[in-house]
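Coordinate analysis (summary)
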Amino acid sequence: EIMPSLVGSEMCIRDRLLVICTLSINAQSASNKDATIVSDIQYKSNQDAYVNERCKLDIYYSKGQKDCPVVVWYHGGGLTSGSKQLPSQLMSQGYTIVGVNYRLLPTVTIDQCLDDCAAALAWVFKNIEKYNGSSKKIFVSGHSAGGYITAMLGLDKEWLNRYGVDANQIAGLIPFSGQMISHFAYRKMNGIDNLQPTIDKYAPLFYVRKDAAPLILITGDRNIELFGRYEENAYMWRMMNLVGRPDTQLYEIAGHGHGAMGNPAYHILIQSINKILGKKYEF
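This write-up is about the structure you can find in this document.

Notes on empty space enclosed by the protein
Inspection of the entire model under this criterion finds one cavity of 30 Å³ or more. Of the voids in this model, the largest cavity is the one considered here, and its volume is about 30 Å³. What lines the largest cavity is Asn-32, Tyr-60, Ser-62, Gln-65, Met-91, Gln-93, Gly-94 and Tyr-95. Its residues placed into classes, the lining of the largest cavity shows three nonpolar, five polar and no charged.

Quick look at the structure:
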């Protein structure tokens with residue numbers, strides 16, 4: 001069921017403005033005899049053992065397909081935990097899927113963490129055609145901390161510029177419940193409380209711009225999400241509209257908290273990719 005919602009005094013309409021989605025899907029990986037997984041590809045290496053341990057990625061792809069859309073997936077875990085994932089919910093869609101590991105706070109700084117993530121995405125742009133993916137159809141996504149990383153890499157062009165890639169080459173940014181203010185793990189390392197919102201150079205909101213890749217924002221129910229996660233995303237949606245990007249979408253999955261929103265959010269991700277690529281889609 002898809003319902004309209006009110007923001008201030010404005011009615012929000014499906015596919016144009018704010019949508020609250022109540023979705024139920026059974027996302028299962030379809031058997032694909034042509035599919036294969038390549039694990040632990042080193043995308044960055046040096047004399048640092050922690051770099052060599054964490055800076056790896058996995059790729060799922062079909063040997064029988066070419067020019068596939070690519071989903072680069074950054075795992076969650078608050079930037080302090082977690083490991084690379086290849087979401088099974090995406091494996092039946094004809095995508096090349098990339099799961100990325102990166103160094104974690106507080107062992108490293110947030111600069112080092114984001115630099116790893118940028119290096120991995122740049123590696124994908126330069127190498128993904130070897131795995132039957134199209135460098136012109138690269139979508140970036142992730143849940144929670146992965147959603148924050150998605151937004152930072154797509155909006156702050158500095159990170160990918162370091163590796164000779166223009167962030168505007170990304171086909172779409174689809175963060176799941178990502179922080180749009182400065183991430184709480186970074187704030188904690190700097191003595192800033194969880195309930196003290198901060199927008200500095202480590203906040204996606206700091207980089208609102210008209211020329212960014214299409215942005216699809218997805219959160220859980222505002223009343224049971226982490227802190228003000230929905231409201232952060234709603235502010236991002238509003239600011240993107242104000243700078244001239246009315247195609248920015250915001251979805252709130254009613255009745256689902258921070259973790260539970262992930263499963264139905266895959267449906268929105270898949271349909272959003274279809275829409276951006278000009279394929280038939282239905283919410």
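So, next bit.
Structural notes on the environment of Ile-59
When you line up the elements, Ile-59 lands in strand 5 (residues 56-62). Expressed as a C-alpha distance, the spacing of Ile-59 and Gly-99, which sit 40 residues apart in the sequence, is 6.5 Å.

Here's the deal with the nonpolar core
In this structure, Tyr-74, Leu-79, Tyr-102 and Leu-121 are the most contacted members of the largest nonpolar core, which totals 64 residues. With twelve residues, helix 2 (residues 110-127) is the single largest residue contributor to this core. Beyond its immediate chain neighbours, meaning those up to four positions away, Tyr-102 contacts Tyr-43, Arg-54, Tyr-74, His-75, Gly-76, Leu-79, Cys-113, Asp-116, Cys-117, Ala-145 and Ile-149.

Some remarks on the packing of helix 2 against helix 3 (residues 145-155)
Packing of helix 2 against helix 3 leaves a shortest axis separation of 10 Å and a crossing angle of 75 degrees. By the angle between their directions, the pair helix 2 and helix 3 is classed as roughly perpendicular. In contact with Ile-110, Leu-114, Cys-117, Ala-118 and Leu-121 of helix 2, helix 3 contributes Tyr-148, Ile-149, Met-152 and Leu-153. The class makeup of the residues in the contact of helix 2 with helix 3 is nine nonpolar, no polar and no charged.

Here's the deal with the environment of Cys-117
Among the secondary structure elements, Cys-117 is positioned in helix 2. With relative accessibility at 0%, the residue Cys-117 sits in the buried group. C-alpha of Cys-117 to C-alpha of Ile-149: the two residues are 32 residues apart in sequence and 7.4 Å apart in space. Residues contacting Cys-117, with those up to four places away along its chain left out, are Tyr-74, Tyr-102, Ile-149 and Leu-153.

Parameters at a glance
- Residues numbered from 1 in each chain as written.
- Predicted model: local features only at pLDDT ≥ 70, side-chain atom pairs only at ≥ 80, totals over all residues.
- Heavy atoms only, no water.
- 1 Å grid on protein atoms, 1.4 Å probe; cavity = no way out; pocket = protein on both sides within 12 Å on 5 of 7 lines; lining within 4 Å.
- Points joined across faces, edges and corners; volume = space filled by probe spheres on them.
- Nonpolar A, V, L, I, M, F, W, Y, C, P; charged D, E, K, R; others polar.
- Helix = DSSP H or I, 4+ residues; strand = E, 2+ residues; numbered from the N terminus.
- Core = buried A, V, L, I, M, F, W, Y, C linked by side-chain atoms within 4.5 Å.
- Buried < 20%, exposed > 50% of the residue type's maximum accessible area, 1.4 Å probe, protein only.
- Contact = heavy atoms within 4.5 Å.
- Axes fitted to C-alpha atoms, helices over the stretch in contact; angles between N-to-C directions.
- Parallel < 35°, antiparallel > 145°, perpendicular 65-115°, else oblique.

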